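Breakdown of the fold
Listed below, chain by chain, are the residues.
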Amino acid sequence: MVTLDTTTVEDRPSTRPAGIRTTRGHRVFQTVNTVILLGVIVVTLYPIVNIVARSFSSDAYIRSGKVNLWPRGFNLTTYKAVMTNSMFWTDYRNTVVYTVVATVVAMFLTTCYAYVLSKKDLRGRGVLVGVAVFTMFFSGGLIPNYVLVTTLGLKNSVWAIALPNAISVFNLLVMKAFFEGLPAELEEAAAIDGLNTYGILWRVVLPLSKAVLATMVLFYAVSFWNSWFAAFLYMDHSDLMPVTVYLRNLIAGATNGTSVGFTEADATAVGANIQAVTIVLTTLPILVVYPFVQRYFVSGVTLGAVKG
């Protein structure tokens, strides 16, 4: 027999957590929090929306400062000019290759190093941690790094970008803390079943570490994607440059586009919004990928930072 629930909303028990009362101070706190968070959202989103609006606006409205949140004088000429420019797509391809290779190398080295450091019974563990932390505060300097990369024959190759920045100490410590939080009994059981150290890492530890791995991939990929100075320093040929150097040349003064591959006719047509269009196309892949890894990002940083 089906019975109907005849209780009213007032008769039903409150779902509010125990110990929290709706007092005046609590309401004021919620209001202030809401206002502050809305302000953070506005401050964060305004530059992005403004750049997108500028990318679709005409040159005259941009130069007169009339473009804010909505395109003025709708214009697709610059998008057509940039997307038909061979130099832009060559640099874009280079960026994808550099980011993928460098991220794979960085993840492999960081994971191996962090897993080793998570073993508290490892001899010399304190020295290995100290060596890593030391590099957070001291570096060899620009000229020694350049001499080292040149001497090793890494110039004009992807390794000049991937190897010098292969391990981020911050990422290393976060991943180390995450590995330390995994139950030791799981590894002991796997060892009893006959797995060696590499088998335990591959079959037990890594499947349980998807959150922190996704977080580290995001950190490394964004870092390598946005990096321009290493390529600017170690690459001698324009066809080896990433798209961030292409964008840097525009922002540094080549606003008419002639020095980055545009013809005189295209440079005159695209005018002031060439920077905005290039910024939008450069950041678009990261903006598209981020929502898919955002849930791993939050849980990975939280769990990895518990033990510090």
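Residues numbered from 1 in each chain as written. Predicted model: local features only at pLDDT ≥ 70, side-chain atom pairs only at ≥ 80, totals over all residues. Heavy atoms only, no water.

Notes on the packing of aromatic side chains
Counted by the stated rule, this structure contains 14 aromatic pairs. For the ring pair Phe 88 and Trp 89, a centre distance of 5.1 Å and an interplane angle of 80 degrees mean the geometry is edge-to-face. Judged by relative accessible area, Trp 89 falls into the partly exposed class, the value being 36%. Here the aromatic rings of Tyr 220 and Phe 224 are separated by 6.2 Å at their centres, their planes lie at 15 degrees, and the arrangement is stacked. (Phe/Tyr/Trp six-rings, centres within 6.5 Å; stacked < 30°, edge-to-face > 60°. Buried < 20%, exposed > 50% of the residue type's maximum accessible area, 1.4 Å probe, protein only.)

Some details on a nonpolar patch on the surface
Nonpolar side chains collect at one region of the surface, where Leu 38, Ile 41, Val 42, Leu 45, Tyr 46, Ile 48, Val 49, Val 52 and Leu 69 lie side by side and expose about 760 Å² of accessible area between them. For Val 49, the location among the structural elements is in helix α1 (residues 24–55). (Patch = residues over 30% accessible without salt bridge, like charges linked within 9 Å, V, L, I, M, F, W, Y side chains within 5 Å. Areas by Shrake-Rupley, 256 points an atom, 1.4 Å probe, with all protein chains shown as cover. Salt bridge = Lys/Arg side-chain N within 4 Å of Asp/Glu carboxyl O. Helix = DSSP H or I, 4+ residues; strand = E, 2+ residues; numbered from the N terminus.)

Observations concerning empty space enclosed by the protein
Any space left empty among the atoms is revealed by the rolling of a water-sized probe across them. For the structure on display, the rule yields one cavity of 30 Å³ or more. Its volume calculated, the largest cavity comes out at about 60 Å³. In terms of lining, the largest cavity is formed by Thr 95, Tyr 98, Thr 99, Ile 161, Phe 224, Trp 225, Ser 227, Ala 230, Ala 231 and Pro 242. Broken down by secondary-structure element, the contributors of at least two residues to the lining of the largest cavity are α4 (86–117), α11 (210–226) and α12 (229–234). (1 Å grid on protein atoms, 1.4 Å probe; cavity = no way out; pocket = protein on both sides within 12 Å on 5 of 7 lines; lining within 4 Å. Points joined across faces, edges and corners; volume = space filled by probe spheres on them.)

Observations concerning the confidence of the model for the chain
Caution applies to low-pLDDT regions: their predicted coordinates should not be interpreted in detail. In this model, the chain carries an average pLDDT of 82, and 82% of its residues clear a pLDDT of 70 or more. Long-range and interchain partners of residues 304–308, a stretch whose pLDDT sits below 50, account for six contacts in this model, where long-range means more than four residues apart. (pLDDT = per-residue confidence, 0-100. Contact = heavy atoms within 4.5 Å.)

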